[in-house]
Amino acid sequence: ETGVTQSPTHLIKTRGQQVTLRCSSQSGHNTVSWYQQALGQGPQFIFQYYREEENGRGNFPPRFSGLQFPNYSSELNVNALELDDSALYLCASSSGLGQTNYGYTFGSGTRLTVV
Amino acid sequence: KQEVTQIPAALSVPEGENLVLNCSFTDSAIYNLQWFRQDPGKGLTSLLLIQSSQREQTSGRLNASLDKSSGRSTLYIAASQPGDSATYLCAVSTGRRALTFGSGTRLQVQP
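Given the structure is predicted, the values throughout are model-derived calculations rather than measurements.

Criteria and thresholds
- Each residue is numbered by its place in its chain's sequence as written, counting from 1.
- Following the order in which they are written, the chains are lettered starting with A and the ligands numbered starting with 1.
- Reporting of local features is limited, given that this is a predicted model, to residues whose pLDDT is at least 70; pairs of side-chain atoms are given and counted only at 80 or more, and all residues count toward the totals for whole chains, interfaces and linings.
- Values reported for side chains reflect all heavy atoms of the structure, with hydrogen atoms and water molecules removed beforehand.
- To pair, rings of Phe, Tyr and Trp, with the six-membered ring standing in for Trp, must have centres within 6.5 Å; the planes then decide the type, stacked if under 30 degrees apart, edge-to-face if over 60, and tilted in the middle.
- Only DSSP runs of H or I covering at least 4 residues are called helices, and only runs of E covering at least 2 are called strands; the numbering of each starts at the N terminus.
- Burial here depends on accessible area, computed with a 1.4 Å probe over protein chains only, as a share of the maximum for the residue type. Under 20% is buried, over 50% is exposed, and the range in between is partly exposed.
- Within this scheme, the nonpolar core is defined by two criteria: the residues are buried Ala, Val, Leu, Ile, Met, Phe, Trp, Tyr or Cys, and they are joined through side-chain atoms within 4.5 Å.
- Between two residues, a contact is recorded if the distance between any of their heavy atoms is within 4.5 Å.
- A pairing counts as a salt bridge when a side-chain nitrogen of Lys or Arg comes within 4 Å of a carboxyl oxygen of Asp or Glu.
- DSSP calls a pair of strands paired once it identifies at least 2 bridges connecting them.
- Between N-to-C directions, angles span 0 to 180 degrees; the directions come from axes that are lines fitted to C-alpha atoms, helices contributing only their stretch in contact.
- Once two parts are brought into contact, the accessible area they lose, counted with a 1.4 Å probe and summed over both, makes up the buried area.
- Polar contact criterion, stated in full: a pair of N or O atoms within 3.5 Å, where within protein one must be able to donate a hydrogen and the other to accept it, and residues adjacent in sequence count only if both atoms are side-chain atoms.
- Gly counts as polar in this scheme, as do all residues outside two lists: the nonpolar Ala, Val, Leu, Ile, Met, Phe, Trp, Tyr, Cys and Pro, and the charged Asp, Glu, Lys and Arg.

## Some remarks on the packing of aromatic side chains
All names here are of chain A. Taken as a whole, this structure holds eight aromatic pairs over all chains when the rule is applied. Between Y35 and F45 the ring centres are 5.7 Å apart and the planes differ by 55 degrees, which places this aromatic pair in the tilted class. Here the residue Y35 occupies a position in strand 4 (residues 31-37), and F45 occupies one in strand 5 (residues 44-50), the gap between them amounting to ten residues. Per residue, the accessibility class of Y35 equals that of F45, and both read buried. Relative to Y49, the ring of F47 has its centre 5.4 Å away and its plane inclined at 85 degrees; by these criteria the two rings are edge-to-face. With a relative accessible area of 0%, F47 lands in the buried category.

## A word on the nonpolar core
By size, the foremost hydrophobic cluster in this structure holds 22 residues, and its most contacted members are F25, L33, W35, L75, I77, Y88 and L107 of chain B. Counting residues per element, the ones that place at least two in this core are strand 3 (19-25), strand 4 (32-38), strand 5 (44-51), strand 7 (62-67), strand 8 (72-77), strand 9 (86-93) and strand 11 (105-110) of chain B. Excluding its chain neighbours within four sequence positions, the residues that come into contact with L75 of chain B are L19, V20, L21, W35, L47, L48, L62, N63, A64 and Y88 of chain B. In terms of nonpolar packing, the next biggest core, distinct from the first, is built from 19 residues, F47, F60, L81 and A87 of chain A among them.

## A closer look at the pattern of salt bridges
All names here are of chain A. Applying the stated rule across the entire model yields six salt bridges over all chains. Residue E82 pairs with R63 through a salt bridge whose shortest N-O separation is 3.3 Å. Of this pair, E82 sits in the loop between strand 8 (74-78) and strand 9 (87-94) while R63 sits in the loop between strand 6 (53-57) and strand 7 (64-68), placing them 19 residues apart in sequence. Given the relative accessible area of 16%, R63 is considered buried. A single network of salt bridges, built from pairs that share partners, joins R63, E82 and D85.

## Observations concerning the sheet that holds strand 3 (residues 19-24) of chain A
Residue and element names in this part refer to chain A. Across the sheet, four strands lie side by side as 1-3-8-7; this open sheet has antiparallel pairing. Two strands lie at the open edges of the sheet, namely strand 1 (5-7) and strand 7, each paired on one side alone. This sheet shows a mean twist of 20 degrees between the axes of neighbouring strands, independent of strand direction. With five bridges joining them, strand 7 and strand 8 adopt antiparallel strand pairing. Looking at strand 8, one finds that Q68 is bridged to S74.

## Things to note about the interface of chain A and chain B
Counting residues at the interface gives 27 residues for chain A and 22 residues for chain B. With both chains or domains summed, chain A and chain B bury close to 1700 Å², and 50% of this area falls on carbon and sulfur atoms. Between chain A and chain B we count zero salt bridges in total. Remark: the boundary between chain A and chain B carries four residue pairs in polar contact (both at pLDDT 80 or more). Class assignment for the residues of the side of chain A that touches chain B results in nine nonpolar, 16 polar and two charged.

## Re the environment of A38 of chain A
Positionally, A38 of chain A belongs in the loop between strand 4 and strand 5. Counting along the chain gives 46 residues from A38 of chain A to D84 of chain A, while the straight-line C-alpha distance between them is 8.7 Å.

## Remarks on unusual backbone geometry
Residue S7 of chain A is joined to P8 of chain A through a cis peptide bond whose omega torsion reads -10 degrees. Within the element layout of this structure, P8 of chain A appears in the loop between strand 1 and strand 2 (10-13). Looking along the chain, the bond that leaves I7 of chain B and enters P8 of chain B is cis, with omega of -5 degrees. Within the fold, P8 of chain B resides in the loop between strand 1 (4-7) and strand 2 (10-14). Positioned with a positive phi, Y72 of chain A is a non-glycine residue whose angle comes to about 75 degrees. Relative to the helices and strands, Y72 of chain A resides in the loop between strand 7 and strand 8. For Y72 of chain A, a relative accessible area of 29% gives the class partly exposed. The backbone of A79 of chain B sits at a positive phi, close to 45 degrees, despite the residue not being glycine. Within the element layout of this structure, A79 of chain B appears in the loop between strand 8 and strand 9.

Structure representation (structure tokens):
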């Protein structure tokens with residue numbers, strides 16, 4: 001059984017650019033969530049996808065968008081990057097809509113630095 | 001809006017001590033509560049998952065309790081070791097908004 005895989009591990013972008021982060025969910029999981037973790041803080045929920053549709057969103061602007069593919073892998077896209085977008089971006093997968101008995105499995109994250 | 005608070009923010013103990021980390025949440029309508037460990041710059045490792053109908057879960061030297069009505073959970077670590085040094089995060093699941101996290105407790109176990 002494979003875990004959650006994220007790519008790339010590190011990324012440096014310039015303010016105003018666009019970035020795409022990728023996540024492969026754990027085998028058998030159909031729900032993917034994305035989180036942003038600033039230094040010294042707990043992760044903040046960005047959005048969640050279930051069966052290729054957005055199924056919940058946190059307090060993030062529309063320039064944060066995502067996709068989920070038929071194989072349940074996912075992308076997080078951020079447009080018009082700002083310095084405050086610098087953070088660790090975490091992907092988590094689960095079986096069901098998070099209301100299940102199985103909890104969430106997290107990937108190792110992508111460290112994004114905006115300069 | 002669900003809010004999760006973890007106390008203390010940081011903790012330093014000598015090796016071998018038993019210790020308790022605290023987590024409180026404002027909305028008791030949760031599905032489950034999960035404790036995670038995070039090493040510096042790394043992702044999250046799930047330690048224990050407690051369903052809303054359960055009172056506690058145990059794994060090795062770790063024991064987590066849940067009192068949903070009072071909005072509290074504790075993580076008990078027995079006989080702490082230097083390898084336990086990490087940040088410990090508590091998160092609650094409240095339906096489709098996925099997980100709400102606390103800011104974590106940064107633990108340092110001195111050899």
